[in-house]
Amino acid sequence: MSSSSCKTFHGHVTGKINFWNIVKLAGLKNKTKQNNKKPGLHVNKRTKVNEYTQIKPYAGMPKEVLLLYSSQARYRVPREVLFWLTVACTLTLLALTATVIALSPRCLSWWQASPVYQVYPRSFKDSDGDGVGDLTGILEQLDHFQFLNIKSIWISPFYRSPMKDFGYDVEDFRDIDPLFGTMRDFEELLAEMHNKGMKLIMDFIPNHTSDRHRWFNLSRIRDPHYEDYYVWTDCSATSPKPNNWVSVFGNSSWTYDAVRGQCYLHQFFKEQPDLNFRNPHVRQEMTDIIRFWLGKGVDGFRMDAVKHILEATHLRNEPQVDPNKPPESITSEWDLHHDYTTSQLGLHDLLREWRAEMDVFSREPSRYRFMVTESYDYHEVDKTMMYYGTPLVKESDFPFNFYLLDLPHNTSGMWVQHLVHLWMANMPKGQWPNWVVGNHDKPRIASSAGQAYSRVINMLLLTLPGTPTTYYGEEIGMENINVTDSQIQDPFAKFNKVSYRSPMQWSSNTNAGFSSKLNTTWLPVHPNYRNVNVEVQKQDEGSVLAQYRFLNTLRQTELPFQRGWFCYIHADANVFSYLRELDGHSKAFLMVLNFGKQSAITDLSSVPELPDQLKVLMSTNQVNNGMVLQRSRILTEAGEGLVIQYSTPTRYNPNHPTQCYVSEKACYLEAIDILYKC
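Residues numbered from 1 in each chain as written. Predicted model: local features only at pLDDT ≥ 70, side-chain atom pairs only at ≥ 80, totals over all residues. Heavy atoms only, no water.

- The chain appears in an unreviewed UniProt entry as Amino acid transporter heavy chain SLC3A1 from Echeneis naucrates.

Structural data, given as structure tokens:
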């Protein structure tokens, strides 16, 4: 061979070999004989064909040689075994993952996991010393929500407004009232809330605007586009009553406008003209406003006064509650059956349109947009339940449940069970309940029920299934404040000289820490602020605040409270008692709440699923924490509530289906700590 046709591999000189000849000759016939030969190129005398005799792979071999050896059984079989083993493991892992996903219940959304905390911005925290709370003040107190482990914050209106109805008369839906700050303040607050894992819920006020709104001023002068933005009808300047409709605040819901020469409808104050949602331009305007705030990053809306959005077009008189009452004496909303001014056909279609818009923004990962509706339907609970939507068309995540506002009307365990059951029995199957015991329009529960019951009411609120709503100050037991004529500002205080909106009590300092300056606050601070405030109660393990925090943490960390069954087990003249349990979970909880006027002994020996001895995890009377009780003799004082943790292999719910409720059934596999559908 010439030097140009030779290559050297680790000292072995070989001729140029065709790769396919190597493959054909790879099965050497005389392996023993070849093993005794030096590796390299040899000539077979019979065939006169070059044979490659290198047996073991070696470093630096060319790819042709490597491929030759890789096809041998000793290398091919282990490789194929490893390959198929990897495939089998991958498929098994995928199947296991798919099974876990298919069997896992859906995760709770943020509005289910955390209580909703209502902030009334005028009264929460004043950052600039003008005596009125503001957005920057809320920003300064975000640590309070973290301390309470609250993630969902509902802020009452802060739109630009003349404040005739304290923000519910909106002059500009896309601007912040200077009293509360600027749009930049809002954006900073929202960004910081999101940084801390919190969600912001805004008030949306679709029924009406302020009479200073640009739309109303253009409608008054009959601008072609805005002429029908509001509900107008012909009437006389001397007798502006097209029909007998009355406003929520009393007297006729019609006011004559001299500029237009007609009457406009207002179901609230005369400074709050009702929008005409029969006009498609109005519907589009309000939808665009929803998009505006969702685009800013707002996490949800509380839809205000939704039952008033539509009115009957025929404008007939509404039937009187008392047919014999003289028509001219009809001045209160309670005098009429509101057949033509509330809950009209088409209302739910409109709400579902807004829900659909919010769902578009909810497609962003981990940014579900929440919708809650406000509608006081009183005894017509079936109307309230319609706001949940249908199995095919979603509406609000839930309508606010105001029935616990009636707790002070009767001090008995049976009354409390009745109010709870009123919601649970009428709620559509699989829906999520919620509970409200106070808001800016209703007396504070610590005043109406009594300070002695504020703790047990918080215990009820935080251990029932569903989402609790806490009005600012309820976590420390704030009370109503009496006001004089000169101090009255908010509309509801004018009726009874009592306000439910006094400044938040942060500390024992000047103005209860609400405002650092000596300026007069917009409403007086409650006289009890030196003892009833956040700073003092943080230092007391038995305080209303400490117990609220403990119960909220328990609610969010223990699966039976999040996903478990709720079962009534006892109610009498004093005590309301129920269970929270989860199938497969070793722990369960018994609640014994005394709403009566006296101490009571509750005998639960007829409940065999309970162990004979029960240990108190928490009592609203701190000295009873850790006490061991007999199930046949559970003593509670008036206003005392007990959380009792126990363990038993027997669950109550399978044998008492009519007494138990769960939104979405799940079971717990304790061995590997997972939830699954069952």
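**Quick notes on helix H11 (residues 280-296)**
Here's step 1: In this model, H11 (17 residues) spans 25 Å end to end at C-alpha, consistent with the 24 Å of a helix rising 1.5 Å per residue.
Here's step 2: All buried positions along H11 are accounted for by Val282, Glu285, Met286, Thr287, Ile289, Ile290, Trp293 and Leu294.
Here's step 3: The residue sitting at the N-terminus of H11 and contributing the capping side-chain oxygen is Asn279; that oxygen lies 2.8 Å from the backbone nitrogen of His281. (Helix = DSSP H or I, 4+ residues; strand = E, 2+ residues; numbered from the N terminus. Expected span 1.5 Å × (residues − 1). Buried < 20%, exposed > 50% of the residue type's maximum accessible area, 1.4 Å probe, protein only. Polar contact = N/O pair within 3.5 Å; in protein donor to acceptor, adjacent residues only side chain to side chain.)

**Focus on the environment of Cys660**
Here's step 1: Note on placement: Cys660 falls in strand E28 (residues 660-661).
Here's step 2: With relative accessibility at 12%, the residue Cys660 sits in the buried group.
Here's step 3: Sequence separation between Cys660 and Pro428 is 232 residues; the distance between their C-alpha atoms is 15 Å.
Here's step 4: Setting aside residues no more than four positions away along its own chain, Cys660 makes contact with Trp565, Phe566, Cys567, Tyr652 and Asn653. (Contact = heavy atoms within 4.5 Å.)

**Observations regarding helix H16 (residues 454-463)**
Here's step 1: Burial analysis of H16 places nine of its ten residues in the buried class, the great majority of the element.
Here's step 2: All of the buried residues along H16 are Ser454, Val456, Ile457, Asn458, Met459, Leu460, Leu461, Leu462 and Thr463.

**Observations concerning the packing of H16 against helix H19 (residues 544-557)**
Here's step 1: One way to put it is that H16 packs onto H19 with a least axis distance of 9 Å and a crossing angle of 15°. One way to sum up the angle between H16 and H19 is to call them roughly parallel. Viewed along their axes, H16 and H19 form a crossing whose handedness is right-handed. Here Ser454, Arg455, Asn458, Met459, Leu462 and Thr463 of H16 come into contact with H19, specifically with Val544, Gln547, Tyr548, Leu551, Asn552 and Arg555. (Axes fitted to C-alpha atoms, helices over the stretch in contact; angles between N-to-C directions. Parallel < 35°, antiparallel > 145°, perpendicular 65-115°, else oblique. Left-handed = near helix turned anticlockwise from the far one by under 90°.)

**Side note on a nonpolar patch on the surface**
Here's step 1: A cluster of nonpolar side chains, namely Leu669, Ile672 and Ile674, defines an oily patch on the protein surface of about 240 Å² accessible area.
Here's step 2: With respect to the helices, strands and loops of the structure, Ile672 is situated in the loop between strand E29 (667-669) and strand E30 (674-676). (Patch = residues over 30% accessible without salt bridge, like charges linked within 9 Å, V, L, I, M, F, W, Y side chains within 5 Å. Areas by Shrake-Rupley, 256 points an atom, 1.4 Å probe, with all protein chains shown as cover. Salt bridge = Lys/Arg side-chain N within 4 Å of Asp/Glu carboxyl O.)

**A word on the environment of Leu461**
Here's step 1: Structurally, the position occupied by Leu461 is in helix H16.
Here's step 2: According to the relative accessible area criterion, Leu461 is buried, its value standing at 0%.
Here's step 3: The sequence separation of Leu461 and Val436 amounts to 25 residues, and the corresponding C-alpha distance is 7.8 Å.
Here's step 4: Setting aside anything within four residues of it in sequence, one finds Leu461 in contact with Trp435, Val436, Val437, Pro468, Thr469 and Thr470.

**Section: the pattern of salt bridges**
Here's step 1: Scanning the entire structure with this criterion turns up 29 salt bridges.
Here's step 2: Between Arg291 and Asp288 there is a salt bridge, and its shortest N-O distance comes to 3.0 Å. Here Arg291 and its partner Asp288 are both found in helix H11, three residues apart, which amounts to about one turn of the helix.
Here's step 3: Assessed through its relative accessible area of 26%, Asp288 is described here as partly exposed.
Here's step 4: Taken together, the shared-partner salt bridges connect Asp203, Arg302, Asp304 and Glu374 into one network.

**Observations regarding unusual backbone geometry**
Here's step 1: Here the phi dihedral of Asn149 falls at roughly 60°; this positive angle occurs in a residue that is not glycine.
Here's step 2: With respect to the element layout, Asn149 can be found in the loop between helix H8 (142-148) and strand E6 (152-155).
Here's step 3: What makes Asn149 partly exposed here is its relative accessible area of 25%.
Here's step 4: Positive phi outside glycine occurs at Asp673, with the angle close to 55°.
Here's step 5: By secondary structure assignment, the location of Asp673 is in the loop between E29 and E30.
Here's step 6: Taking relative accessible area as the criterion, Asp673 reaches 53% and is therefore assigned exposed.

**A short note on the pairing of strand E14 (residues 370-373)**
Here's step 1: Residues of E14 alternate between two faces, with Phe370 and Val372 on one and Met371 and Thr373 on the opposite face, all of them buried.
Here's step 2: The sheet contact formed by strand E13 (residues 300-303) and E14 spans four bridges and is parallel. Counted as the bridge partner of Arg302 is Val372 from E14.
Here's step 3: The handedness of the E13 to E14 crossover, carried by helix H12 (residues 347-361), is right-handed.
Here's step 4: The pairing of E14 with strand E15 (residues 398-399) spans two bridges and is classified as parallel. If you follow Thr373 over to E15, its bridge partner there is Pro399. (Pairing = 2+ DSSP bridges. Right-handed = clockwise from strand over helix to strand, strands pointing away.)

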